[in-house]
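Reading the structure
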Amino acid sequence: MADSGVNPTAAALLGLLHEGPMTGGQLMAAAERRLAPYWSMTRSQVYRELPVLAERGMVRLGKPGPRLSQPYAITAAGKRTFAKWLAENPGRDTIRNPVALRMAFGNLHSASQLKNLYAQANEYHTEALAQVREQVKNAKKEGETYDASALEFAVAYHRAALSWLKSAPAG
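Quick caveat, the model's predicted, so the values are computed rather than measured. (Residues numbered from 1 in each chain as written. Predicted model: local features only at pLDDT ≥ 70, side-chain atom pairs only at ≥ 80, totals over all residues. Heavy atoms only, no water.)

Focus on the environment of Gly5
Defined as follows: In DSSP terms, a helix is any run of H or I states spanning at least four residues, a strand is any run of E spanning at least two, and both are numbered starting from the N terminus.
Mapping Gly5 onto the fold places it in the segment before helix 1 (8-16). Once the C-alpha coordinates of Gly5 and Phe82 are considered, the two residues, 77 residues apart in sequence, prove to be 9.8 Å apart.

Some details on the UniProt feature "domain: Transcription regulator PadR C-terminal" (unreviewed entry) in the chain
Condition: UniProt positions are given in the numbering used here, feature names are shortened, and annotations may be inferred rather than shown by experiment.
Sites flagged by UniProt as "domain: Transcription regulator PadR C-terminal" (unreviewed entry) map to residues 95-168. For residues 95-168, the helix share is 81%, the strand share is 0%, and the end-to-end C-alpha distance is 18 Å.

Describing the side chain of Glu49
Worth spelling out the cut-off: Accessible area is worked out with a 1.4 Å probe on protein chains only. A residue is then buried under 20% of its type maximum, exposed over 50%, and partly exposed in between. Asp and Glu count as negative and Lys and Arg as positive, but His and the ends of the chain are not part of the count. A pairing counts as a salt bridge when a side-chain nitrogen of Lys or Arg comes within 4 Å of a carboxyl oxygen of Asp or Glu. Identification of polar contacts relies on pairs of N or O atoms within 3.5 Å, with a donor-acceptor requirement for protein atoms, meaning one able to donate a hydrogen and the other able to accept it, and with residues adjacent in sequence counted only if both atoms are side-chain atoms. Only heavy atoms matter for contacts: two residues are in contact if any of them lie within 4.5 Å across the pair.
Following the sequence through the fold, Glu49 ends up in helix 3 (residues 43-55). No salt bridge is formed by the buried Glu49; its nearest oppositely charged neighbour, Arg48, is found at 4.4 Å. Looking at Glu49, its side chain comes within polar contact range of the side chain of Asn7, at 2.9 Å. Sequence-distant contacts of Glu49, defined by excluding residues within four places in its chain, comprise Asn7, Thr9, Ala10 and Leu13.

Some points on the layout of surface pockets
Applied cut-off: Both cavities and pockets are sets of points on a 1 Å grid over the protein atoms alone; in a cavity a 1.4 Å probe fits but cannot get out, in a pocket the set is open with protein on both sides within 12 Å along at least five of seven lines, and lining residues sit with an atom within 4 Å of a point. Grid points are joined across faces, edges and corners, and a volume is the space filled by probe spheres set on the points.
The volume enclosed by the second largest pocket comes to roughly 170 Å³. Residue lining of the second largest pocket: Arg33, Arg34, Gln135, Asn138, Ala139, Glu142, Glu144, Asp147 and Leu151, and that is the complete set. By residue number, the principal contributor to the lining of the second largest pocket is helix 6 (residues 111-141), which donates three residues.

Structural notes on helix 4 (residues 76-87)
What counts here: For a helix, the expected span equals 1.5 Å multiplied by the residue count minus one. This arc is taken over the directions from the axis of the helix to the C-beta atoms.
Between the first and last C-alpha of helix 4 there are 17 Å, a value that for 12 residues agrees with the 16 Å anticipated at 1.5 Å per step. Along helix 4, the residues classified as buried are Gly78, Thr81 and Phe82. Along the long axis of helix 4, the arc covered by the buried residues comes to 100°, so they all point the same way. Seen from the buried face of helix 4, the exposed residues on the opposite side, beyond 90 degrees, are Ala76, Arg80 and Ala87.

Points about the domain arrangement of the chain
Counted only if it meets this: Segmentation of the chain into domains, including their bounds, is taken from an automatic or database domain assignment. Joining two parts hides part of their accessible area as seen by a 1.4 Å probe, and the buried area is that hidden amount summed over both. Each residue gets one label: Ala, Val, Leu, Ile, Met, Phe, Trp, Tyr, Cys and Pro are nonpolar, Asp, Glu, Lys and Arg are charged, and the others, such as Gly, are polar.
Taken domain by domain, the chain holds domain 1 (8-87) and domain 2 (98-167). Centre-to-centre, using C-alpha coordinates, domain 1 lies 28 Å away from domain 2. Contacts between the two partners involve four residues from domain 1 and, on the opposite side, seven residues from domain 2. For the pair domain 1 and domain 2, the summed buried surface comes to about 470 Å²; carbon and sulfur atoms form 54% of the total. Looking at the side of domain 1 facing domain 2, the largest losses of area belong to Arg34, Pro37 and Tyr38, adding up to 91% of the total buried there. Linking domain 1 with domain 2 are one salt bridge. For Asp147, the salt bridge identified is with Arg34, shortest N-O distance 2.8 Å. Between domain 1 and domain 2 we count two residue pairs in polar contact (both at pLDDT 80 or more) in total. Each residue belonging to the side of domain 1 that touches domain 2 can be placed in one class, and the counts come to two nonpolar, no polar and two charged.

Structure, rendered in structure tokens:
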């Protein structure tokens, strides 16, 4: 954890709450919509972080709604913490690619296993690329310049993955 005292998941939640109060489920949906192409968050991470943020005074709970869902709103302390987090050095990327990991052991695969691995990865990246291109188009149409720019990272990632898969050894 850096000087701000929050991890990236907590910071992402604080950033999303700048849009207005949201329940845990709404935060998950917002994270999926805005961040998923380049940043993953699980439901358990969200629900683990929200009480910690509330305890630390960075968010406050609203009145319970339907099915006992409670909206969270960012506080002034949460906004200060988020601003501090934004100013920090982001650190190094963490690369964890399950296909690359399996390819590292390609000599232990059969040719058909490798072919299947590459086909599945190609299908995933082709579909993901189409989806994120659509998200970029929509973000640009809505004037969300920064969202569009962040999403362009995911476009470049999926393009690079597809290019890499074309040159993968067949076994």
